[in-house]
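As a plain string of letters, each chain reads:
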Amino acid sequence: MRLLTLDDIADQRAYERERDAFRRQVIAVKKLRRISIGPVVTLTFENRLTMRFQVQEMARAEKMFTDQQIQHELDVYNRLLPAPGELSATLFLELTTEAQLRTWLPRLVGIERACEFRLGAGSAVQVVPSIPEEEHQANLTREEVTSAVHYVRFGFTAQQVEAFATEPVALVVNHPEYPEGLPGTALSDATRAELANDLLGR
């Protein structure tokens, strides 16, 4: 997937003119790319469109006007774009109260390594596990408590890319403290088609 460059990022006045329509487009795409598993885990799969939106909104909120400021954000977010044969996601723990944070964050240590795509059915199921994004992992991981946000990748073989397009696909959280993550969430045909474009580098 082609990396974002400064030329992809509109200046503030131009962005304000397109922002409402662009936000509607991103919201519609994210509905296909957002998968919830159980009561508190959600993964949003990222591509150039979602990452451009992140950079544009960050620049808008932080009033970034220089190429140097924007390039710094691009360097951060480009790391999250999937390469061909990969899917890249932001993993959210949807926790809104202090009680939920105290309950779930200690329980779900290691959640960033516990997500799996399961391709196919029965004894022929192929498992593609999540891999944490290294730099963010170094900053987020603690032994006693996890973070509410993680960045993860899934690396597919050529055979698994083909299976993703043709076999049943489920996204599972296989964590001992999260039985609600099994059997996972089956991907709709629309979501599978959307993510298949990422695997093919489109």
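Residues numbered from 1 in each chain as written. Predicted model: local features only at pLDDT ≥ 70, side-chain atom pairs only at ≥ 80, totals over all residues. Heavy atoms only, no water.

> I keep staring at the overall build of the chain and nothing clicks. Help me out?
What the chain contains, in helices and strands, is seven helices and eight strands. For 202 residues, the compact-globule formula gives about 17 Å, and the C-alpha radius of gyration of the chain, at 18 Å, lands near that figure. Across its three principal directions, the C-alpha atoms of the chain cover 55 × 40 × 30 Å. In the chain, which comprises 202 residues, the proportion classed as buried is 46%. Expressed as a percentage of contacts within the chain between residues at least 6 apart in sequence, the contacts between residues at least 24 apart total 72%. Counting only carbon and sulfur atoms, one obtains 51% of the accessible surface of the chain, whose full area is about 10500 Å². Averaging the locations of the 23 positively and 29 negatively charged side chains of the chain gives two centres separated by 6 Å. (Helix = DSSP H or I, 4+ residues; strand = E, 2+ residues; numbered from the N terminus. Rg over C-alpha atoms; globule rule 2.2 N^0.38 Å. Buried < 20%, exposed > 50% of the residue type's maximum accessible area, 1.4 Å probe, protein only. Contact = heavy atoms within 4.5 Å. Areas by Shrake-Rupley, 256 points an atom, 1.4 Å probe, with all protein chains shown as cover. Lys, Arg positive; Asp, Glu negative; His and termini not counted. Charge placed at Lys NZ, Arg CZ, Asp CG, Glu CD.)

> How do you make sense of the side chain of E116 when you look at a structure like this?
Relative to the elements of secondary structure, E116 occurs in strand β4 (residues 115–119). Within polar-contact distance, the side chain of E116 engages the side chain of N174 at 3.2 Å. (Polar contact = N/O pair within 3.5 Å; in protein donor to acceptor, adjacent residues only side chain to side chain.)

> Is there a simple way to think about the packing of aromatic side chains in this case?
Aromatic ring pairs are reported here in terms of the distance separating the ring centres and the angle at which the planes meet. According to the stated counting rule, one finds nine aromatic pairs in the structure shown. When the centroid spacing of 5.7 Å and the interplanar angle of 45° are considered together, the rings of F45 and F117 count as tilted. In this pair, F45 sits in strand β2 (residues 41–45) while F117 sits in strand β4, placing the two residues 72 residues apart along the sequence. Grouping residues by exposure puts F45 and F117 together as buried. For the pair W104 and Y178, a centre-to-centre distance of 5.6 Å together with 75° between the ring planes defines the contact as edge-to-face. With W104 in helix α4 (residues 98–107) and Y178 in the loop between β7 (169–173) and β8 (185–186), this pair connects stretches of sequence that are 74 residues apart. A relative accessible area of 10% places W104 in the buried class. Aromatic ring contacts, followed pair by pair, group F45, F117, F154, F156 and F164 into a single cluster. For R52, the ring lying beneath its charged end belongs to F22, and the centroid distance is 4.4 Å. The side chain of R107 reaches across the aromatic face of W104, ending 4.3 Å from its centre. (Phe/Tyr/Trp six-rings, centres within 6.5 Å; stacked < 30°, edge-to-face > 60°. Lys NZ or Arg CZ within 6 Å of the ring centre and 35° of its normal.)

> Sorry if this is basic, but what is going on with helix α1 (residues 12–33) here?
Helical geometry: 3.6 residues make up each α-helical turn, so side chains three or four residues apart lie on a common side. The terminal C-alpha atoms of α1 lie 27 Å apart, and with 22 residues this falls more than 12% below the ideal 32 Å at 1.5 Å per residue. Along α1, the sharpest kink reaches roughly 55°, centred on R19. Tucked into the core, α1 has its buried residues touching β1 (34–37), β2, α2 (48–62) and α7 (189–199). (Expected span 1.5 Å × (residues − 1). Bend = angle between axes of the 7 residues up to and from the residue.)

> Whenever I open this one, the pairing of strand β6 (residues 149–155) confuses me. Can you help?
Two strands pair when backbone bridges link them, and strand β3 (residues 86–93) and β6 are joined in this way by seven bridges, in the antiparallel orientation. In the sheet register, L87 faces β6, and the bridge partner there is F154. One ladder, built from three bridges, connects strand β5 (residues 126–132) with β6; its direction is antiparallel. Its bridge partner being in β6, S130 is matched across the sheet by F154. (Pairing = 2+ DSSP bridges.)

> I'm lost on the sheet that holds β1 in this one. Help?
The strands that make up a sheet are held in pairs by hydrogen bonds between backbone atoms, and each pair lies either parallel or antiparallel. Pairing within the open sheet is antiparallel, and its eight strands lie in the order β1-β2-β3-β6-β5-β4-β7-β8. Edge positions in the sheet fall to β1 and β8, since each of these pairs with one other strand and no more. Of the pairings in the sheet, the one linking β1 to β2 comprises four bridges and is antiparallel in character. Note on β2: the bridge partner recorded for S36 is T42. Along the sheet, helix α6 (residues 158–166) contacts β3, β4, β5, β6 and β7; its crossing angle with β5, the most-contacted strand, is approximately 110°. In the packing of α7 onto the sheet, the strands contacted are β1, β2, β3 and β7, and the crossing angle to β3 comes to about 125°. (Axes fitted to C-alpha atoms, helices over the stretch in contact; angles between N-to-C directions.)

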